[in-house]
Every structure is written in structure tokens, then in C-alpha cells.
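# Breakdown of the fold
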Amino acid sequence: MEAEKTGRTAVTRPEGVEIRGFRYFPGWLSPEEQTALVEALRGVAAEAPFVQPETPGGRKMSVRMTSAGRLGWVTDRRGYRYEPCHPVTGRPWPPVPGMVLDLWRAVTGLVRAPDCCLVNFYGEGAKMGLHQDRDEGDFGFPVVSVSLGDEALFRMGGTDRADRTESVWLKSGDVVVMGGAARLAFHGIDRVRHGSSRLLPQGGRINLTLRVVQVP
DNA sequence: TAGTTACG
DNA sequence: GGCT
């Protein structure tokens with residue numbers, strides 16, 4: 001077990017387990033931390049509203065997304081990329097909430113902060129097809145995923161799309177780290193159990209994806 | 001192919 | 001569960 005000092009309270013974090021090269025930390029965030037994080041994300045969404053983007057192929061994604069940080073991940077008919085400003089408001093993305101940066105540091109041990117905190121909202125029926133995170137400049141840094149709200153079936157594969165996959169039901173407060181060989185592994189969300197968590201009053205799932213985008 | 005649907 |  002690993003103990004971490006946060007203010008006056010010593011918090012015991014779960015040990016990770018390895019699944020197909022992914023590091024999975026069930027129950028990383030306490031219920032209180034999850035509630036505080038949702039509150040922080042409401043602030044992010046107030047500054048940078050969720051949008052339902054489309055893929056380069058012109059199809060609407062089922063998830064709604066926004067970002068925090070120096071860069072946000074966006075997609076439209078022009079392609080996948082990172083942008084310094086929100087596609088609708090034109091304003092810079094809001095800062096990454098402090099507790100998200102704390103989580104990143106605790107789980108990765110890295111001094112370097114992430115450039116992007118992508119916020120994905122999965123409403124009823126939303127899912128995300130198998131894909132790789134490969135729009136970043138340096139794959140040496142891990143990608144960290146944080147789950148909040150409804151449970152979701154997460155499928156993990158390998159670096160080839162045809163590789164065998166393994167699925168796990170992610171619950172609110174779980175953290176997954178994609179690093180090393182799993183950094184470029186295919187992954188996706190097959191379905192969400194709508195209403196399975198009471199963290200978000202209207203139901204739904206929020207996923208945070210933390211990434212280093214540009215090295216310098 | 002960060003999608004959708006059919007099939008086993 | 002995983003094909004395309």
C-alpha cells in the first residue's frame with residue numbers, strides 16, 4: 001500500500017493491477033473527492049461549454065466534450081488535433097483543476113504537468129469506438145484516465161486493432177494509466193450503465209483524459 | 001475506424 | 001465479444 005499526505009489526512013491509495021499492459025487503479029478517488037471533482041468540473045464547463053463534435057468523416061460523436069489546460073483536444077471535418085482555444089467561444093481553455101494535477105502527480109510520479117485535461121461526458125447511449133491516442137508529440141508520457149459517475153464497459157486491446165481485447169467495468173473513482181507498451185494501445189467504451197451511479201444527479205458518466213501534448 | 005451495425 |  002502507498003500512503004500519500006494530503007493536508008492533514010493520510011490517504012491510502014489502492015494498488016494498481018495490470019490488464020493487458022494498462023495499469024488499473026479501482027477506487028482511487030474517495031466518494032468525497034469525486035464530489036469535489038465534479039464541482040470543479042462544473043466550473044470548467046461553465047467557462048468552456050460541452051460540444052458534441054464530429055469526426056473527420058462527418059459523423060457526430062455520441063459523447064459531448066470540452067477541455068481544460070493549455071491545449072484542448074478537438075475534432076471536426078478538418079481532423080483530430082489540439083487547439084489552444086474553445087471551438088465555439090474562441091476563448092482559451094480554463095485551467096486544469098488543482099486536484100486533477102494532484103492526481104496526475106500522485107499516479108504518475110511525474111513533475112511535468114499535463115497540457116490537456118479532456119473532459120468527455122457520456123449521456124444515455126453514448127459510447128466511444130476502439131481508438132488510439134496518437135495526436136500527441138511524445139508517446140513517452142503516459143495517458144491518465146479518470147472515471148466519474150455511471151459504470152462503463154472499457155475495452156483494452158493492443159497496438160494493433162486486431163489484437164485480442166479484454167474488458168472491465170470502470171466505476172466512479174477508478175483511474176487507468178496507459179503507459180509504456182500500452183501508451184498506443186487501442187481502447188474504447190462499449191457501453192454505459194445509465195443511472196448506475198448517483199454521483200451525477202441526472203445520471204451519465206464523465207471521463208477525464210490527461211495528456212502531455214507537447215514536450216518543450 | 002475517437003464511427004455504426006451485423007453477427008455469433 | 002469483437003468484426004469492419
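Residues numbered from 1 in each chain as written. Chains lettered and ligands numbered in written order. Predicted model: local features only at pLDDT ≥ 70, side-chain atom pairs only at ≥ 80, totals over all residues. Heavy atoms only, no water.

- As recorded by an unreviewed UniProt entry, chain A carries the name Alpha-ketoglutarate-dependent dioxygenase AlkB and is attributed to Neotabrizicola shimadae.

### Regarding the overall build of chain A
- Assigned secondary structure in chain A consists of two helices and 15 strands.
- Across its three principal axes, chain A shows a C-alpha extent of roughly 45 × 40 × 40 Å.
- In chain A, buried positions account for 50% of the 216 residues.
- Excluding contacts between residues fewer than 6 apart, the proportion of contacts in chain A whose partners are at least 24 apart in sequence is 70%.
- For chain A, the exposed area adds up to about 10600 Å²; of that, 51% sits on carbon and sulfur atoms.
- Each charge class in chain A can be summarised by its mean position, and for the 28 positive and 25 negative side chains these summaries are 4 Å apart. (Helix = DSSP H or I, 4+ residues; strand = E, 2+ residues; numbered from the N terminus. Buried < 20%, exposed > 50% of the residue type's maximum accessible area, 1.4 Å probe, protein only. Contact = heavy atoms within 4.5 Å. Areas by Shrake-Rupley, 256 points an atom, 1.4 Å probe, with all protein chains shown as cover. Lys, Arg positive; Asp, Glu negative; His and termini not counted. Charge placed at Lys NZ, Arg CZ, Asp CG, Glu CD.)

### Here we look at the protein's contact with DNA strand C
- Residues in contact with DNA strand C, as listed here, are Arg155, Thr165 and Asp190.
- One of the side-chain N or O atoms of Arg155 is found 3.4 Å from a base nitrogen in DNA strand C.
- Taking Thr165, its side chain carries an N or O atom lying 3.0 Å from a phosphate oxygen of DNA strand C. (Near = heavy atom within 4 Å. Polar contact = N/O pair within 3.5 Å; in protein donor to acceptor, adjacent residues only side chain to side chain.)

### A few points about the protein's contact with DNA strand B
- Looking at DNA strand B, there are 15 residues lining it, with Met61, Tyr80, Gly129, His131 and Asp135 nearest.
- Atoms of DNA strand B within 4 Å of the protein belong to the sugar or the phosphate in 59% of instances, the rest to bases.
- Between a phosphate oxygen of DNA strand B and a main-chain N or O atom of Lys60, the distance comes to 3.4 Å.
- For the surface near DNA strand B, the leading source of residues is strand E9 (residues 128-131), giving four residues.
- Broken down by class, the residue content of the surface near DNA strand B amounts to five nonpolar, three polar and seven charged. (Nonpolar A, V, L, I, M, F, W, Y, C, P; charged D, E, K, R; others polar.)

### Quick notes on helix H2 (residues 98-108)
- Among all positions in H2, only Val100, Leu103, Trp104 and Val107 are buried. Down the axis, H2 shows its buried residues gathered within 100° of arc, on one side only.
- Buried residues in H2 make contact with strand E4 (22-25), helix H1 (31-47), strand E8 (116-122), strand E10 (143-149), strand E13 (175-178) and strand E15 (205-211).
- Phi turns positive one or two residues past the end of H2, at Gly109, with a value near 75°. (Arc of directions from axis to C-beta.)

### With respect to the UniProt feature "domain: Fe2OG dioxygenase" (unreviewed entry) in chain A
- Feature annotation in UniProt places "domain: Fe2OG dioxygenase" (unreviewed entry) on residues 113-214, given in this structure's numbering.
- Taken end to end, residues 113-214 is 0% helix and 44% strand, and its first and last C-alpha atoms sit 11 Å apart. (UniProt positions renumbered as here; feature names shortened; annotations may be inferred.)

### Some details on the sheet that holds strand E11 (residues 152-156)
- Strand order in the open sheet formed by four strands is E9-E14-E11-E12, and the pairing between neighbours is antiparallel. At either margin of the open sheet sits one strand with a lone partner, and together these are E9 and strand E12 (166-170). The mean inter-strand angle of the sheet, taken between neighbouring strand axes irrespective of direction, is 25°.
- As judged from the five bridges shared by E11 and E12, these two strands associate in the antiparallel manner. Counterpart to Leu153 in the pairing with E12 is Trp169. (Pairing = 2+ DSSP bridges. Axes fitted to C-alpha atoms, helices over the stretch in contact; angles between N-to-C directions.)

### Describing the pattern of salt bridges
- Taken as a whole and assessed by the stated rule, the structure comprises 14 salt bridges.
- Glu33 is the salt-bridge partner of Arg13, the closest N and O atoms lying 2.9 Å from each other. A residue pair is termed long-range when its members are at least 10 positions apart, and Arg13 in strand E2 (residues 9-13) and Glu33 in helix H1 qualify at 20 residues.
- The buried category is assigned to Arg13, whose relative accessible area is 5%. (Salt bridge = Lys/Arg side-chain N within 4 Å of Asp/Glu carboxyl O.)

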